[in-house]
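# Structural description and commentary
Read off the chains here:
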Amino acid sequence: MASTTTTTGTETVQGRRHQGPEAGVWLERKRSLGDQAEAKAAVPASSLLHNKSEREDPGDAGGPRPRLAAAPRQPPTKLPARRTHQEEFAEVLNPMRQSLIYLGFVLLMLIGRVRDFLDRFFGLHAAGSAGKGGVPPIVSDSQDFYTRRLYMRIVDIFNRPITSAPGAWIDVAERRREGDPCREHPTPTGRTRRCLNLGSYNYLGFAANDAYCTPKVVEELRRSGASTCSPGADAGRTEGHVEMEQVVAGFLGVEKAFVYGMGFATNAFTIPTLCSKGCLVLSDEMNHKSIVDGVKLSGASVKVFRHNDVRHLEYLLRKSIVEGQSR
């Protein structure tokens with residue numbers, strides 16, 4: 001049995017090498033009370049032995065029992081790089097899927113043209129939007145082609161009427177096809193189907209039948225009407241709007257607050273009040289349409305930088321300062 005001892009500072013490391021089937025390098029660290037925390041931090045957790053039989057030293061029964069064994073350090077795991085929205089979109093809508101989508105549109109258009117030709121040849125329909133009772137059609141057959149041959153084929157999955165409040169569960173009116181599916185809209189059957197609502201703007205649930213909110217909403221509708229038919233900046237403000245803005249301002253701890261009826265209007269109507277001609281707006285290329293429309297309505301000069309690219313933003317800002325306002 002070979003023994004080696006190494007002393008570094010106040011720490012003594014004693015190693016013993018054993019021969020035989022259980023050969024290995026065993027380490028024992030004799031620590032002082034002041035160096036215990038430092039020694040524990042230096043020992044990797046993967047080097048602890050959990051098997052009692054492995055901790056025992058068969059070659060030296062009378063000596064101290066070692067508790068630690070040297071283990072190779074594992075390299076740090078490298079996390080995958082975070083993909084951008086463009087990369088995820090390109091993976092989902094790859095060129096093969098795009099080709100299949102466009103191929104489906106082309107086939108529908110070809111089939112529609114053939115059916116229109118056969119309808120004229122056999123005299124089934126003189127025009128795509130032939131009026132009833134001798135009334136001439138509103139649009140020509142070519143202008144009505146997309147509505148008849150593409151949209152009307154799948155109209156039953158759009159604009160589905162409901163017969164209940166738009167809560168978490170809604171009653172959807174059932175409809176059926178009658179007559180030419182390319183010319184006649186589905187008609188209701190009088191039956192409804194209970195469905196889970198997964199596509200509503202009723203985020204807070206105020207449109208549902210609520211024991212507290214619904215009576216107050218009905219009372220306010222009877223007093224102020226369903227709409228002022230005018231924006232708040234003109235004549236569309238009521239006592240309820242003023243009271244609501246005072247409550248919001250008090251809650252936020254500000255002097256005044258202005259409440260919009262929808263999020264789109266918040267950007268589209270506020271930006272023109274903050275910017276005008278002679279101003280410069282630097283806009284992200286992925287900004288919402290409400291921001292884009294608000295900048296257009298303001299009349300300010302706009303320059304678009306690449307999405308989340310601070311260097312491109314700084315470049316456009318420096319270039320605009322050097323070149324000045326456009327004439």
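See the structure shown above.
So, here's what we can say about the structure. Because the structure is a prediction, the values reported are computed rather than measured.

Procedures and definitions
Residues numbered from 1 in each chain as written. Predicted model: local features only at pLDDT ≥ 70, side-chain atom pairs only at ≥ 80, totals over all residues. Heavy atoms only, no water. Helix = DSSP H or I, 4+ residues; strand = E, 2+ residues; numbered from the N terminus. Buried < 20%, exposed > 50% of the residue type's maximum accessible area, 1.4 Å probe, protein only. Contact = heavy atoms within 4.5 Å. Areas by Shrake-Rupley, 256 points an atom, 1.4 Å probe, with all protein chains shown as cover. Salt bridge = Lys/Arg side-chain N within 4 Å of Asp/Glu carboxyl O. Expected span 1.5 Å × (residues − 1). Arc of directions from axis to C-beta. Polar contact = N/O pair within 3.5 Å; in protein donor to acceptor, adjacent residues only side chain to side chain. Phe/Tyr/Trp six-rings, centres within 6.5 Å; stacked < 30°, edge-to-face > 60°. Lys NZ or Arg CZ within 6 Å of the ring centre and 35° of its normal. Lys, Arg positive; Asp, Glu negative; His and termini not counted. Patch = residues over 30% accessible without salt bridge, like charges linked within 9 Å, V, L, I, M, F, W, Y side chains within 5 Å. Pairing = 2+ DSSP bridges. Right-handed = clockwise from strand over helix to strand, strands pointing away.

On to the overall build of the protein. For the protein, the helix and strand inventory stands at ten helices and eight strands. By the burial criterion, 17% of the 327 residues in the protein qualify as buried. Put simply, of all contacts in the protein between residues at least 6 apart along the chain, 36% involve residues at least 24 apart. Working note: accessible area of the protein is about 25,600 Å², and carbon and sulfur atoms make up 59% of it.

We now examine the pattern of salt bridges. All chains considered together, the criterion is met by 14 salt bridges. The residue Asp116 makes a salt bridge to Arg149 at a minimum N-O spacing of 2.7 Å. Highlighted residues: Asp116 in helix 4 (residues 95–122) and Arg149 in helix 5 (residues 145–151), separated in sequence by 33 residues. Like Arg149, Asp116 is buried.

This next bit is on helix 6 (residues 213–224). The terminal C-alpha atoms of helix 6 lie 16 Å apart, and with twelve residues this matches the ideal 16 Å at 1.5 Å per residue to within 8%. Of the residues one or two after helix 6, Gly225 is the one with positive phi, at around 90°.

On to helix 10 (residues 310–323). Taking 1.5 Å as the rise per residue, helix 10 with 14 residues should run 20 Å; its terminal C-alpha atoms sit 20 Å apart, in good agreement. Looking only at helix 10, the buried set comprises His312, Leu316 and Ser320. Along the axis of helix 10, the buried residues cluster in a sector spanning 70°; they form a single face. Of the residues in helix 10, the exposed ones pointing more than 90 degrees away from the buried face are Val310, Arg311, Arg318, Ile321 and Val322. Against the buried residues of helix 10 lie strand 7 (280–284) and strand 8 (301–305). Between the side-chain oxygen at the start of helix 10 and the backbone nitrogen of Arg311 there is a gap of 3.3 Å, and the oxygen is on Asp309. Phi for Gly324, located one or two positions after helix 10, is positive at around 80°.

Turning next to the packing of aromatic side chains. What characterises a pair of aromatic rings is the spacing of the ring centres plus the angle enclosed by the ring planes. One pass over the full model with this rule turns up four aromatic pairs. Following the ring pairs from residue to residue traces out a cluster consisting of Phe117, Phe121 and Phe122. Sitting above the plane of the Phe145 ring, Arg113 keeps its charged end 3.9 Å from the centroid.

Moving on: the side chain of Asp284. Here Asp284 lies in strand 7. For Asp284, which is buried and forms no salt bridge, the nearest opposite charge comes from Arg306, at a distance of 10 Å. A polar side-chain atom of Asp284 sits 3.0 Å from a polar atom in the side chain of His307.

A word on a nonpolar patch on the surface. Residues Met96, Leu100, Leu103, Val106, Leu107, Leu110 and Ile111 make up a contiguous nonpolar surface patch of roughly 680 Å² in combined accessible area. Within the secondary structure, Leu103 sits in helix 4. For Leu103, a relative accessible area of 45% gives the class partly exposed.

Strand direction decides the pairing type here: strand 7 and strand 8, joined by five bridges, are parallel. Bridged to Ser283 within strand 8 is Val304. As for the winding sense of the linkage, the β-α-β connection from strand 7 through helix 9 (residues 289–298) to strand 8 is right-handed.

Note that every value here comes from positions in space, so none of it alone points to a role or purpose.
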